[in-house]
Amino acid sequence: MRAPGPCAECGAGAAARYRCPRCSTAYCSVPCCRTHRERCAPGARREEAAGPGSPPAPAASPGAPEDILGEEEEQDRVPPQKLQLLGESAELRDLLRNPHLRQLLLALEQARDKSSLLRRLMQEPLFLEFADCCLSIVEPPEEKENVLPILPE
């Protein structure tokens with residue numbers, strides 16, 4: 001992954017970790033993404049690559065994953081069909097009834113430094129159980145790529 005450069009919107013140095021999917025302009029945050037999206041040329045790179053007779057790409061909603069995921073992270077995106085399975089899981093629903101877990105999730109959503117808080121939360125048994133439950137739903141064990149087979153003794 002390349003080193004972050006300056007944000008094209010706010011000018012913050014070495015903070016632009018995200019790129020516009022249409023024109024590859026670098027930006028540092030969701031607010032800068034939204035500002036850029038308002039000014040981004042609609043006929044930029046993606047539509048040119050599609051060809052002249054192709055239908056235009058659908059417009060992304062504000063804060064859509066397309067805007068904040070880099071090329072490397074794109075392969076880790078969970079398809080909407082699998083995300084819907086999270087809402088249908090009784091086990092996950094039971095976990096979310098726990099007020100302590102809800103407080104942890106709320107704190108994570110509101111945190112400025114989500115990555116360091118997430119590292120700390122992964123030490124919390126309840127949060128770890130929640131994360132494992134989510135992963136087992138969107139990536140069942142038989143679908144995992146780098147799992148060693150369990151050999152009989």
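Our structure's up above, just so we're on the same page.
If you're wondering where the values come from, they're calculated on a predicted model, not measured in any experiment.

Details of the environment of Lys114
Link 1 in the chain: Counting through the fold element by element, Lys114 comes out in helix α8 (residues 114-121).
Link 2 in the chain: Classification of Lys114 by relative accessible area gives partly exposed; the value is 39%.
Link 3 in the chain: Not counting residues within four places of it along the chain, the set of residues in contact with Lys114 comprises Leu108 and Glu109.

Topic: the side chain of Ser89
Link 1 in the chain: On the secondary structure map, Ser89 appears in the loop between α5 (80-88) and α6 (90-96).
Link 2 in the chain: At 3.0 Å, the side chain of Ser89 forms a polar contact with the backbone nitrogen of Leu92.

Side note on the nonpolar core
Link 1 in the chain: Grouped together as the largest cluster of nonpolar side chains are 14 residues, with contacts concentrated most on Leu92, Leu101, Leu121, Phe127 and Phe130.
Link 2 in the chain: At the level of secondary structure, the elements contributing two or more residues to this core comprise α6, α7 (99-110), α8 and α9 (125-138).
Link 3 in the chain: With 6 residues, α9 is the largest single contributor of residues to this core.
Link 4 in the chain: Once residues lying within four places of it in the same chain are set aside, the contact partners of Leu92 are Leu86, Phe130, Cys133, Cys134 and Ile137.

What to know about the packing of α7 against α8
Link 1 in the chain: Contact pair α7 / α8: the axes reach a minimum separation of 9 Å and the direction vectors enclose 160°. Put simply, α7 runs roughly antiparallel to α8. Our pair here, α7 against α8, has a crossing hand that is right-handed. Contact residues: α7 offers Leu104, Ala107, Leu108, Glu109 and Gln110, while α8 offers Lys114, Leu117, Leu118 and Leu121.
Link 2 in the chain: Residue composition of the contact of α7 with α8, grouped by class: 6 nonpolar, 1 polar and 2 charged.

Observations regarding the pattern of salt bridges
Link 1 in the chain: All told, the structure shown has 2 salt bridges when counted by the stated rule.
Link 2 in the chain: With a closest N to O distance of 2.4 Å, Asp94 and Arg97 form a salt bridge.
Link 3 in the chain: Judged by its relative accessible area of 48%, Asp94 is partly exposed.

Focus: α7
Link 1 in the chain: A rise of 1.5 Å per residue sets the reference length of α7, with its 12 residues, at 16 Å; its end C-alpha atoms lie 16 Å apart and thus fit the reference within 8%.
Link 2 in the chain: Within α7 the residues assigned to the buried category are Leu101, Leu104 and Leu108. Angularly, the buried residues of α7 cover 60° about the axis, an arc narrow enough to put them on a single face. For α7, exposure combined with an orientation more than 90 degrees from the buried face picks out Pro99, Gln103, Glu109 and Gln110.
Link 3 in the chain: Where α7 is buried, its residues meet α6, α8 and α9.
Link 4 in the chain: In this structure Asn98 caps α7, since a side-chain oxygen of it lies 2.7 Å from the backbone nitrogen of His100.

Examining the packing of α7 against α9
Link 1 in the chain: Interaxial distance between α7 and α9 falls to 10 Å at its minimum, and their mutual angle equals 80°. Overall, the two elements α7 and α9 adopt an arrangement that is roughly perpendicular. In contact with His100, Leu101, Leu104, Leu105 and Leu108 of α7, α9 contributes Leu126, Phe127 and Phe130.
Link 2 in the chain: Partitioning the contact of α7 with α9 into residue classes produces 7 nonpolar, 1 polar and no charged.

Analysis parameters
- Residues numbered from 1 in each chain as written.
- Predicted model: local features only at pLDDT ≥ 70, side-chain atom pairs only at ≥ 80, totals over all residues.
- Heavy atoms only, no water.
- Helix = DSSP H or I, 4+ residues; strand = E, 2+ residues; numbered from the N terminus.
- Buried < 20%, exposed > 50% of the residue type's maximum accessible area, 1.4 Å probe, protein only.
- Contact = heavy atoms within 4.5 Å.
- Polar contact = N/O pair within 3.5 Å; in protein donor to acceptor, adjacent residues only side chain to side chain.
- Core = buried A, V, L, I, M, F, W, Y, C linked by side-chain atoms within 4.5 Å.
- Axes fitted to C-alpha atoms, helices over the stretch in contact; angles between N-to-C directions.
- Parallel < 35°, antiparallel > 145°, perpendicular 65-115°, else oblique.
- Left-handed = near helix turned anticlockwise from the far one by under 90°.
- Nonpolar A, V, L, I, M, F, W, Y, C, P; charged D, E, K, R; others polar.
- Salt bridge = Lys/Arg side-chain N within 4 Å of Asp/Glu carboxyl O.
- Expected span 1.5 Å × (residues − 1).
- Arc of directions from axis to C-beta.

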